[in-house]
Structure formats: C-alpha cells, structure tokens
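# Structural features, examined
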Amino acid sequence: MSPSYARTSIAAVVAALALAGCSLSSSGDGGSTPGATGSGSGSSTVKNTTVTLVTHDSWVADKALLAKFTAQTGYTVKVIANGDAGQLANKLVLTKGNPTGDVTFGVDNTFATRVVDSGAIQAYSAKNLPASAQRFALTGDGGKDLTPIDFGDVCVNVDDAWFTKKGQTPPANFADLVKPEYKNQFVTPAASSSSPGMAFLLATIAKYGTDGWQNYWKQLMANGTKLTSGWSDAWSVDYTAGGGNGSRPIVLSYNTSPADTIKDGKATTSALLDTCFQSVEYAGVLAGAKNPDGAKAFIDFMLGEDFQKALPEAMYVFPVDTSIPLPAAWQQAAKVPATPLNVDPGEITKNRDTWLREWQDVTS
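What counts and how
- Residues numbered from 1 in each chain as written.
- Predicted model: local features only at pLDDT ≥ 70, side-chain atom pairs only at ≥ 80, totals over all residues.
- Heavy atoms only, no water.
- Helix = DSSP H or I, 4+ residues; strand = E, 2+ residues; numbered from the N terminus.
- Disulfide = S-S within 2.5 Å.
- Phe/Tyr/Trp six-rings, centres within 6.5 Å; stacked < 30°, edge-to-face > 60°.
- Buried < 20%, exposed > 50% of the residue type's maximum accessible area, 1.4 Å probe, protein only.

Looking at the element boundaries, Pro148 is found in strand E7 (residues 147-159). Along the primary structure Pro148 and Asn109 are separated by 39 residues, whereas in three dimensions their C-alpha atoms are 9.6 Å apart.

Our next topic: the state of the cysteines. Applying the stated rule across the entire model yields one disulfide. With a sulfur-sulfur separation of 2.0 Å, Cys155 is cross-linked through a disulfide to Cys276. In this structure, the disulfide formed by Cys155 and Cys276 twists by about 110 degrees around the S-S bond and is classed as right-handed. Within this pair, whereas Cys155 is found in strand E7, its partner Cys276 is found in the loop between strand E13 (269-271) and strand E14 (277-286), the two being separated by 121 residues in sequence.

To continue, consider the packing of aromatic side chains. Evaluated as defined, the whole model comprises 24 aromatic pairs. Seen in terms of ring centroids, Phe69 and Phe301 are 5.3 Å apart; in terms of plane orientation they differ by 55 degrees. Their pairing is tilted. In this pair, Phe69 is assigned in helix H2 (residues 63-73) and Phe301 in helix H10 (residues 292-302), connecting sequence segments 232 residues apart. Neither Phe69 nor Phe301 differs from the other in exposure class; each is buried. Between Phe174 and Tyr216, the ring centres sit 6.0 Å apart and the planes meet at 90 degrees, which makes this aromatic pair edge-to-face. Taken together, the residues Phe174 in the loop between helix H6 (160-166) and strand E8 (186-189) and Tyr216 in helix H8 (residues 213-222) connect sequence positions 42 residues apart. Each member of the pair, Phe174 as well as Tyr216, carries the same accessibility label: buried.

Nothing here speaks to function; it is geometry throughout.
Below, the structure written as structure tokens:
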C-alpha cells in the first residue's frame, strides 16, 4: 500500500506514467487565502497556497478533482512522484526533517512502520475519518501519524478461459501452485524489485510461517515459477490474459484485476481469494513541511466523497469509506477476501531484510 497500496490496471499505469512529475500549481493572488503568512506591519506578505504532494508513480488524479480541492480550500497541488511504494518510503526516510513536500500518499502497510519510526511523519488526526476506515488504521503511534486512504489485495489470478479451453481445472490455492499439473504456468514479480512481489512473499510467510515459507518457495521454483522485475512485465508480457502473447495462465496480480477482463458480461479471469495479502495505503503530514495546514486539508479531502469515489477507476483500489458505491464492473468481478492474509507491520520492518536475503537465496 502502498498499498500503497503498485496496484493498477494497464490503463492506470499508462496514465500514471504520463502524470509522473507533473503538477497543478499556482501562486496566490493579493487576496486573503489559506496558509498566508505575514512578515509584520508594513511589510510584504508571502502567500503559501501550494501543497506539495510526495507520492509514488501510480498516483492518478483527474485535474477536475484537484480543482475541486482548490475551490474548497484555496490551495493548489503540486505532485512529486518517487517510484514505487518502497522507493517512496526510502525517500521519506532519507529526507526526514527536510522533506521535498508537505504531504505524502502511498506508503503502504509493508513500509509504514519504517517511515513512522524514522520520524518523517508529523502526527495528525484527520477530520471526519469514516467509521469503516478504523479497521485499516495502524496500531500504536503509527495510527496517530498515518491516515488510511485506500486498500486492495494482492492475489494470485488465473485465466479461467484458458483453462476451460484446455479442458483443465485451474488451481484454487497455494498448495495447487506447486503441483506438477501447473508446472511452468505461474509468473510473479520478484519480491526484491516489486511491491506486489513483496506482498506475495509476505502472503506465503503468513500462510506457512517464518520457518515454513522457504520450503514452499523451493517447491514453487522447482515447479517452474517465473520471476519478473515488476508487475507490468508479469501481466502484460507473460500472462495469457494480459493482452499480449503470454504463455502463463497464472499470475500474481490484484483482486481487482478480473474487472479488467469482462467479456460478454462475464469476467474471463478470477482471483484466488485464499492467496490474498491486503495492502493499505496511507497519507501523512511530513515533519518539517512548509505548508502543514495545506497538508492537513489535503488529507481531509482524500477522505471526502469526491476523492474516495474516484479511487477505483483512477488507481484501481478500494476506498476506505466502504459506503462509497463501486463501479458496476467491480461489483461483479472485484471480490474482497473475507480473511486476507496479513503480517504485523512491525514484524515486517524488523525482518524485511532477513526475509529478502533468504528469499534471494532460495530463488537464485
């Protein structure tokens, strides 16, 4: 989560790349505006009406949506993108106390405690936090610093149409992925280079325990699992339902991905809900921000109806306000697991380097 939490459709990825590094910003006029600071009687007044958002490359927000924020608050938004969720977290830690912006969005539960523990985030209790968002809040001090904005699940996906055409039964769970009948059929982004890949590693740790996941990965690799550098390669190049000429009918993707494969009124793929690791993306005020008031206003806006309603189609994630109606395709094909797999964020921060080193030993 990032979720933020890399978790987007192909269309969203393209849009995100187009927007990366772009901004909507303007200087204030001579009127009274939010964030104004004066230097004393008779001196010139400097207006701070720009809010700088530090986020990941998958950030997508319509200009009209940001214009609503400006109309409501007087603040305009400048966007700085910093790679995926892991790269964003690293950037925030490295610039703590002297941030490149005012507010951040896109740190997910796999990196949240690392960012909070570094002191990069200033505590803020958002206004009108939806009741449904409480279950996504971090425990401890992290819950005071980071505000949940969206969630989604990284899950194994299968190309049901491919299996039907072949007259075969698709896999249903983790155990099936290591069976001989599914040899050379699974592709997943690597945990060392991809946020979804890391989420899948964590899912296997949650499933098989800290002493059992290594053996499961040995079986995966022996059964011909392919690793890619990122989600886009796995989905667009190797997956049979990804739009290219892929040869692998099983892929690591998201629980929302089947909504992208609806044909003749029915999704041709499905997510295996027993394999899902839940990703939650958070927003926070950056410690040392030049415009903390604007940052707080933007976090409140992200929890509002306009922003929450735009999340599914813009960034392919679920709003934390579960009262928001979902697109029809999502209601049909994007299923939420009843009991997603989770690993305590504190344990992730404590053990991430060790787990990744062990994973690399197994997969190499």
